[in-house]
Amino acid sequence: MVFTRRPAAVLTAIVAACAMAISLTACTADANSQDTADDRTTVTSSAPGVVAMFTPSDGITLNQQTPLNKWAKLTPNLTKALTSAGFKKGDISHTTSGSLDKQSRAIQDYVVNHLSGSNTTDDAGIVISPDNITLLVAPVVEADASTRQYGDYVSQELSTADTAEGSDSTDSSDSSNSSDSSDSSTGSDSTDDSSSNASKTVGDSKNAAQAEAVDRLVSSLKLAKESGMHVVLMGNSIKGYKPDAFVRFSDAQAIGKLQAEKIVSKLELSKASKDNPKYIEVLMPYTAVDESGEASDSTFAQEAFRGIWQVLGAYYQKGVVESPSGTLNGNSTEDDWQSVAYDASKEGSTAKVLDARLAKAEEHASPTRIDGIIAMNDYIASEVVTELDDLGYTGSAADINPQITISGIVGNITGKKDLSRSDVPDPIKSPEKDDSADSTDSADTQDDSTATDKTDKTKDSQWPLVTGYGAYVSNIPSIVNGKQWMTGIEDRQTLAENIAEACALLNKGQTLTSMSSVRNTEVGGKKKVPTISGPLLAVSASNLKVTLIDPGYISLADAGL
């Protein structure tokens, strides 16, 4: 009796176990939101997914005269932030390209390979669904020498329309030259025309290749979005193309505005008067002619000056700020960028311009008084510092706050002490315009006059505030010793964290509205594009430790400590 019942019990147990296994398998499949087919697992929105980064390659740097705002510096921050957001290291790829042509081909290959079924699994054999893939693309944009001095993140825009217009004007010019050539029979004219035509042919070929690369890039990104992938553009926009999100780094206006605002705050221009104005010079470096001999695009210089003038313009108009050289005055406008612009591509041009701007009234006179110089970037700032020293200016920016000494700054950076500050006494009336001494007797007046003369000469030769941008490692010692007062940099770590959060949300099929760093802006002519941005960091000796050393951007050795 017992033996006849045991097989039945065993059979019942087996059936129950099978049912439980099937039930558990179904639950597991539902929990992971995975579909199985052909022994492969397709990851859907519940997994972090994949991020593919495409950035320009950095040029070879043979010295430390390079800004910290480089793509090679950002990508490690991005990788770290992505892994912290849950992405596996094996699901994060990074491709660098030296030209837009190579980058567009790399992106095209990546998209096509994933959509065709090849290269769509990770090391575990998991198939990656397109809607779990985000492309982080920083389009390669050609920049002239002066623009590169600000770093890699300065936002620019790619456009096929501009290229086409350039080609049309070139064709028109070719026709005109051909016509002119037929009227002339001299050998020299023929030679000149041949040389000019050869140069234009090269230019036409370059423009055509650029237009083809832009078209290839746009087509690849559109294909990626249509398939379900997400596209996030970083730094550079594409005219007429709307990405899922855009990362806005620094632009010309923001860089100019940052330096102007810090000058206003440090010199306390709100307390300045016409009787005792502050003296500020603006240097606007740009490249007048590109490598092919054609006029360069001056948009960056124009926008940078616009950012400066939006802050300083009112003070010039009130007469509380003057330009020693007279390049700017109360009648100047934000369109007068050329008044302060110069071709920085010529060797020694900065020193020559500054020497002319601060020319002495007489050979043996004291240096021309100057309170602040906006140098725009650290490369120019380093040349300004050298020239100021040659012109006889003494001291440093640390002297503007007498209780902040160089030793105090060094102690603060190395973590030994905190800085103490006090305002600089600066009379509303300048000594030479003060009538309060009229009631004194002649002897006292003569003594006061002598003392005042010495004070004036000391103030005339006082080292001014020098601003820059880019946080060049080579300039950090000058910031520590106060020769360069401030520089600027992107908050890379915060931007990287925000980008990683955006990638995770996009791969989950969610919007970016929950992110405080995101707001809708117009990008590439397209409205309502979720845009990630953050304020630029102003760096001076007083906060250098917190902004650059503590985050690991530079070391104590880089600061010369």
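In this text, all values refer to a predicted model and were calculated from it rather than measured experimentally. In this numbering scheme, every chain counts its residues from 1 along its sequence in written order. Per-residue local features are limited, in this predicted model, to residues with pLDDT of at least 70; the limit for side-chain atom pairs, both in listing and counting, is 80 or more; totals at the level of whole chains, interfaces and linings are taken over all residues. Excluding hydrogens and water, the side-chain values take into account all heavy atoms of the structure.

**Side note on the packing of helix 9 (residues 349-357) against helix 10 (residues 378-390)**
In this analysis, axes come from line fits to C-alpha atoms, helices being fitted only over the stretch in contact, and the angle between any two N-to-C directions falls in the range 0 to 180 degrees. We count a stretch as a helix when DSSP gives it H or I for four or more residues in a row; a strand needs E for two or more, and each element gets its number in order from the N terminus. Remark: helix 9 packs on helix 10, axes separated minimally by 9 Å, with the N-to-C direction vectors making an angle of 50°. By the criterion of interaxial angle, the relationship of helix 9 to helix 10 is oblique. Seen along the crossing, helix 9 lies across helix 10 with a hand that is right-handed. For the pair helix 9 and helix 10, the contacting residues are Thr350, Ala351, Leu354 and Asp355 in the first and Ile380, Glu383, Val384, Glu387 and Leu388 in the second. Put simply, Ala, Val, Leu, Ile, Met, Phe, Trp, Tyr, Cys and Pro go in the nonpolar bin, Asp, Glu, Lys and Arg in the charged bin, and everything else, Gly too, in the polar bin. When grouped by side-chain class, the residues that make up the contact of helix 9 with helix 10 number five nonpolar, one polar and three charged. Between 65 and 115 degrees an angle is taken as roughly perpendicular, under 35 as roughly parallel, over 145 as roughly antiparallel, and anywhere else as oblique. Handedness of a crossing follows from how the near helix is turned relative to the far one, being left-handed for an anticlockwise turn of less than a right angle and right-handed for a clockwise one. By definition in these notes, contact holds between two residues if any of their heavy atoms fall within 4.5 Å.

**Details of unusual backbone geometry**
Although it is not a glycine, Ala471 sits at a positive phi angle of roughly 50°. As for its position among the elements, Ala471 is in the loop between strand 16 (465-467) and helix 13 (476-480). For Ala471, a relative accessible area of 0% corresponds to the buried category. One non-glycine residue, Lys528, lies in positive phi territory at about 55°. Its location among the elements puts Lys528 in strand 19 (residues 526-532). Residue Lys528 is classed as exposed on the basis of its relative accessible area, which comes to 63%. Accessibility here uses a 1.4 Å probe with only protein chains present; expressed as a share of the type maximum, an area under 20% marks a residue as buried, one over 50% as exposed, and anything in between as partly exposed.

**Some thoughts on a positive patch on the surface**
For patch building, the residue pool is restricted to those with more than 30% relative accessible area and no salt bridge; the joining distance is 9 Å between like charges and 5 Å between nonpolar side chains (Val, Leu, Ile, Met, Phe, Trp, Tyr). All accessible-area figures derive from a Shrake-Rupley calculation using a 1.4 Å probe, and residue coverage is judged against the displayed protein chains alone. Salt bridges are identified by distance alone: a Lys or Arg side-chain nitrogen within 4 Å of an Asp or Glu carboxyl oxygen. When charges are counted, neither His nor the chain ends are considered; positive counts come from Lys and Arg and negative counts from Asp and Glu. To locate a charge, take atom NZ for lysine, CZ for arginine, CG for aspartate or CD for glutamate. Together, Lys222, Lys242, Lys526, Lys527 and Lys528 line one region of the surface with positive charge. Looking at which element gives the most residues to the positive patch, the answer is strand 19, with three residues.

**Some points on the packing of aromatic side chains**
Within 6.5 Å between ring centres, the rings of Phe, Tyr and Trp (the latter by its six-membered ring) count as paired, and their orientation is classed by plane angle as stacked under 30 degrees, edge-to-face over 60, tilted in between. One pass over the structure, following the stated rule, counts eight aromatic pairs. Note on Trp71 and Phe249: the rings are 5.7 Å apart at their centroids and 80° apart in plane angle, and the pair reads as edge-to-face. Taken together, the residues Trp71 in helix 2 (residues 71-84) and Phe249 in the loop between strand 10 (245-247) and helix 7 (252-267) connect sequence positions 178 residues apart. Accessibility classification places Trp71 together with Phe249 in one group, the buried group. Where Tyr286 meets Trp337, the ring centres are 5.5 Å apart and the plane angle is 85°; that geometry is what we call edge-to-face. Here the residue Tyr286 occupies a position in strand 12 (residues 284-286), and Trp337 occupies one in the loop between strand 13 (321-322) and strand 14 (341-343), the gap between them amounting to 51 residues. Since its relative accessible area comes to 8%, Trp337 is described here as buried. Across the ring face of Tyr315, the terminal group of Lys318 is positioned such that the distance to the ring centre comes to 5.7 Å. Note on criteria: charge over ring means Lys NZ or Arg CZ within 6 Å of the ring centre, with the direction from the centre no more than 35 degrees off the ring normal. Positioned above the aromatic ring of Trp463, the side-chain terminus of Lys483 is 4.0 Å from the ring centre.

**Details of the pattern of salt bridges**
Overall, the coordinates contain twelve salt bridges when judged by the stated rule. For Asp152, the salt bridge goes to Lys70, with nearest N and O atoms at 3.5 Å. Taken together, the positions of Asp152 in the loop between helix 4 (145-148) and strand 7 (157-158) and Lys70 in the loop between strand 3 (50-56) and helix 2 put the pair 82 residues apart, joining distant regions of the chain. You can call Lys70 buried: its relative accessible area is 15%. With its nearest N and O atoms 3.5 Å apart, the salt bridge here joins Asp371 to Arg369. By relative accessible area, Asp371 is classed as buried at 12%. One salt-bridge network, in which partners are shared between bridges, spans Asp101, Arg105, Glu212 and Arg216.

**As for helix 8 (residues 299-318)**
Residue count minus one, scaled by 1.5 Å, sets the expected span of a helix. Compared with an ideal rise of 1.5 Å per residue, which puts 20 residues at 28 Å, helix 8 spans 28 Å between its outermost C-alpha atoms and is within 8% of the ideal. The bend reported for a residue corresponds to the angle between axes fitted to the seven residues ending at that residue and the seven starting there. Leu312 marks where helix 8 bends most, by close to 50°.

**Topic: the sheet that holds strand 4 (residues 92-97)**
The seven strands lie next to each other as 4-3-6-8-10-19-18, forming an open sheet whose pairing is mixed. At either end of the open sheet lies a strand with only one pairing partner, and these are strand 4 and strand 18 (518-523). Mean inter-strand twist for the sheet, computed between neighbouring axes without regard to direction, equals 30°. Pairing between two strands is assigned when DSSP locates at least 2 bridges connecting them. Bridging between strand 18 and strand 19 involves five bridges; their strand directions are antiparallel.

Worth remembering: the numbers are spatial, not functional.
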